[in-house]
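As a plain string of letters, each chain reads:
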Amino acid sequence: MPNQSPQEFRELVRSHNDIVSVIGESVALQARSGGREHVGLCPFHDDSNPSMRVYSDRQTFRCWACNTGGDVFSFLMEREKITFPEAIEILARRANLEVPKFIGGKTPEEQNNRAKLFEVLQWAENVFQEALWESPPGQPALQYLWDRGFTDEMIRKFKLGFHPDNWTWIVDRARGKYSIQLLMETRLIGERNGRHFDYFKNRVLFPIHNERGQAVSFGGRILPGSVDDAKYFNGLESVIFHKSRLLYAIDKARETVIETGTIIVTEGYTDCLACHQAGITNVVATLGTALTDNHVTALKRYAKKVVLVFDGDAAGQKAARRSVEAFLAQDVDLRILTLPDGQDPADFVALHGSKEFNRRSDNALEAWEFCFQSAIKLHSLTTIDGRQRILNDMIHLLAQVPKLASSVRESFLIANLAQRLGLSEAAVQEALKTTRSSKRNDDRYDEQEIPQYFAEEQISYVAGVSKILQGRLSSQERMECDLLQTILAAPECIQHFAKAFNRSPLKNELFKLILQHCYQEVAATTKLTVSGLLNRVEDRDIKNLVVWIDEQAHAKDLARKISESGVAD
């Protein structure tokens, strides 16, 4: 369709992908209620009794045990751990629909440029591999990888490469094929004093792939004997590469991570590769940056249990503690594994094997316990002064995580700390309150100092949605929820409520957002349906909430009751 909008294309894709058929490809479903409802084991938690319901008439699904729900896009996003635009494209191709030049609101120019950037990086990956295997300058690099214990199979599987000792090697190879501008945008080259130069000169290259297996950048390591002071050079960020959101080898590890429910994170490329070669394939690595909230969000998409592996030296211990701050307020089972004798994962696996590594990983300390044990090692639990210092250390850790304040998780941690130090919970709470108060003016938490890539992140609705799904609602919120249930059960009622909502707007921001989507759907199509509403919503947590509200309305049989009462007439 020549003038088809993104919204229209999404609806077209939805209409060509029956949710029962799509989910049935990966989950065994049994029909009930004359085929209007199907049940099956939920793939999103350890389900022993079928707790997932798939509704053919509403084209939605919901698990009554883990509260996961949504539409056909939501299911694919959650199952495959992909983005909304990727889900649209996959389902479009499944239905043999021609995919437009833009998806997810991108202009044709933006989409074409991104495709070109991926093409350039794929080409670069190939020429770097060729240089490693087939050129004389690549032989020392290949020998280095062999000396590190990597097999030819592993080197080829992870597409390792080499950039010769030439400042314009990639520029020269691309001449007549790709423009300087494209090489600049992919961060393969830079510019200084009007002259262009290659970034990865004389380095072994580790291609960095996104979740779909596309090359987005490279990490480069110097060869032994090099005069370059920087041991590693990690590719600069670009429109398709964000270090704080991506993990090395996630494309190779994803399947095992989902199967095991555990993801192991190392600090370097070679440690990650050594684990994969040893058969430990649920391992990823950070990209030369400290773990951030964005990394936590990415990790949580794949597994509830995260094991951070750090070297056993002082630097590794310090990095482990810093990483805990990024995870402490998150709903994730974080474990810390520190290896003995200052060994890194590659050394440890070589000396002790994968079985011992897995054993230690399975028994790694919880993050809070790791920090507490570290504090005990620094101080003494047997003296008054030592216990005071331990308290200060642990309170300082809690205070570093503002969003943990007043949460259930913080209550558990305070109770744990109080019990182990022989204090009352009130005393620990007061100490934390005092410490937080002294930090309020700390520049660390000044919103003006938040990196730009954090500011651009989409708002997270996880906490708010979770609170609603757990039934933790005020009387006002419960009334607002009932009103939305009524609207979804009898869409024609929305006109009756419109003036009332204008006089007294909804207070809950999530309910207000859903109501706004309802208005937009009515304005665009003159009618309101759950499938149309879900098509308008991209965030998976909001989709989940919409389906939950719809489920509540059906459970109460509101449509019939409203019809019989004549309210909608």
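As the structure is a prediction and not an experimental result, all values here were calculated from the model. (Residues numbered from 1 in each chain as written. Predicted model: local features only at pLDDT ≥ 70, side-chain atom pairs only at ≥ 80, totals over all residues. Heavy atoms only, no water.)

Engineer: Explain unusual backbone geometry here, please?
Structural biologist: Positioned with a positive phi, Asn-67 is a non-glycine residue whose angle comes to about 65 degrees. Considering the arrangement of structural elements, one finds Asn-67 in the loop between strand E4 (60-63) and strand E5 (69-70). (Helix = DSSP H or I, 4+ residues; strand = E, 2+ residues; numbered from the N terminus.)

Engineer: Sorry, what's going on with the environment of Ile-390 here?
Structural biologist: Counting through the fold element by element, Ile-390 comes out in helix H16 (residues 384-399). Distance in space between the C-alpha atoms of Ile-390 and Leu-417 is 9.6 Å, their sequence separation being 27 residues. Setting aside anything within four residues of it in sequence, one finds Ile-390 in contact with Phe-372, Ala-375, Ile-376, His-379, Ser-380, Leu-381 and Leu-421. (Contact = heavy atoms within 4.5 Å.)

Engineer: Would you mind going over the pattern of salt bridges with me for this structure?
Structural biologist: For side chains of opposite charge, pairing can occur when their charged atoms come near one another. Taken as a whole and judged by the stated rule, the model has 24 salt bridges. Here Asp-172 and Arg-175 are joined by a salt bridge, their closest N and O atoms 3.1 Å apart. With relative accessibility at 36%, the residue Asp-172 sits in the partly exposed group. Beyond isolated ion pairs, a larger network of salt bridges with shared partners links Glu-11, Arg-14, Asp-71 and Lys-543. (Salt bridge = Lys/Arg side-chain N within 4 Å of Asp/Glu carboxyl O. Buried < 20%, exposed > 50% of the residue type's maximum accessible area, 1.4 Å probe, protein only.)

Engineer: What is the right way to look at the packing of helix H15 (residues 367-378) against helix H17 (residues 408-421) in this model?
Structural biologist: How two helices sit against one another is set out by the angle between their axes and by the gap between those axes. Relative orientation of the contacting elements H15 and H17 amounts to 35 degrees, with a least axis distance of 12 Å. Read as a crossing pair, H15 and H17 show a hand that is right-handed. Each of Trp-368, Glu-369, Phe-372 and Gln-373 in H15 lies in contact with H17, whose residues at this interface are Leu-413, Asn-416, Leu-417, Arg-420 and Leu-421. Counted by class, the contact of H15 with H17 contains 5 nonpolar, 2 polar and 2 charged residues. (Axes fitted to C-alpha atoms, helices over the stretch in contact; angles between N-to-C directions. Left-handed = near helix turned anticlockwise from the far one by under 90°. Nonpolar A, V, L, I, M, F, W, Y, C, P; charged D, E, K, R; others polar.)

Engineer: What is the right way to look at the sheet that holds strand E10 (residues 215-222) in this model?
Structural biologist: Strand pairing in a sheet is mediated by backbone hydrogen bonds. Such pairs are either parallel or antiparallel. Read across the open sheet, the 4 strands follow the order E6-E9-E10-E11; overall the sheet is antiparallel. Pairing within the sheet leaves two strands with one partner each, and these edge strands are strand E6 (161-163) and strand E11 (232-234). Taking each pair of neighbouring strands and ignoring which way they run, the sheet shows an average axis angle of 30 degrees. Strand direction decides the pairing type here: E10 and E11, joined by 3 bridges, are antiparallel. Residue Gly-219 lies in a different strand from E11, and its bridge partner there is Asn-234. (Pairing = 2+ DSSP bridges.)

Engineer: Could you clarify how one ought to interpret helix H6 (residues 139-147) in this entry?
Structural biologist: Helical periodicity: at 3.6 residues per turn, an α-helix aligns residues three or four positions apart in one direction. By the burial criterion, the buried members of H6 are Ala-141, Leu-142, Tyr-144 and Leu-145. All buried residues of H6 project into a common sector of 155 degrees when viewed along the axis, lining one side. Looking one or two places after H6, you find Gly-149, whose phi comes out positive at around 95 degrees. (Arc of directions from axis to C-beta.)

Engineer: How should the nonpolar core be read in this particular structure?
Structural biologist: If you look at soluble globular proteins, the nonpolar side chains tend to sit buried side by side. In terms of nonpolar packing, the biggest core is built from 108 residues, with Leu-188 and Tyr-248 touching the most fellow members. Here the element with the most residues in this core is helix H5 (residues 108-134); it accounts for 11 residues. If we skip the residues at most four places from it in the chain, Leu-188 touches Val-120, Leu-121, Ala-124, Phe-128, Ile-170, Leu-183, Asp-198, Tyr-199, Phe-200 and Phe-218. (Core = buried A, V, L, I, M, F, W, Y, C linked by side-chain atoms within 4.5 Å.)

Engineer: What is the right way to look at the packing of aromatic side chains in this model?
Structural biologist: Each aromatic ring pair is characterised by the separation of its centres together with the angle its planes make. Inspection of every chain in the model, using the stated rule, returns 16 aromatic pairs. For the pair Trp-167 and Phe-197, a centre-to-centre distance of 6.3 Å together with 75 degrees between the ring planes defines the contact as edge-to-face. Here Trp-167 is found in the loop between E6 and helix H8 (169-174), whereas its partner Phe-197 is found in strand E8 (residues 195-198), with 30 residues between them in sequence. Through a chain of ring-to-ring contacts, three or more aromatic side chains come together here, namely Phe-128, Trp-167, Trp-169, Phe-197, Tyr-199, Phe-200, Phe-218 and Phe-233. (Phe/Tyr/Trp six-rings, centres within 6.5 Å; stacked < 30°, edge-to-face > 60°.)

Engineer: I would appreciate a short explanation of the sheet that holds strand E14 (residues 305-310) in the present structure.
Structural biologist: With mixed pairing, 5 strands are arranged side by side in an open sheet as E13-E12-E14-E15-E16. Each end of this open sheet is capped by a strand with a single partner; those strands are strand E13 (283-285) and strand E16 (365-366). With 3 bridges connecting them, strand E12 (residues 262-266) and E13 associate as parallel partners. Looking at E13, one finds that Thr-266 is bridged to Ala-285. Strands in contact with helix H10 (residues 250-260) are E12 and E13; relative to E12, the strand with the most contacts, it is inclined by about 140 degrees. Lying on the sheet, helix H11 (residues 269-277) is in contact with E12 and E13; it crosses E13 at an angle near 170 degrees.

Engineer: Just to check I follow, could you spell out the pairing of E8 for this structure?
Structural biologist: Two faces, one strand: in a regular strand the side chains alternate between the faces of the sheet. For strand E7 (residues 189-192) and E8, the ladder comprises 4 bridges, and the chain directions are antiparallel. In the sheet register, Glu-191 faces E8, and the bridge partner there is His-196. Counted between consecutive antiparallel strands, the loop separating E7 from E8 contains 2 residues, among which Asn-193 sits at a positive phi close to 55 degrees.

The values are spatial; any link to function lies outside them.
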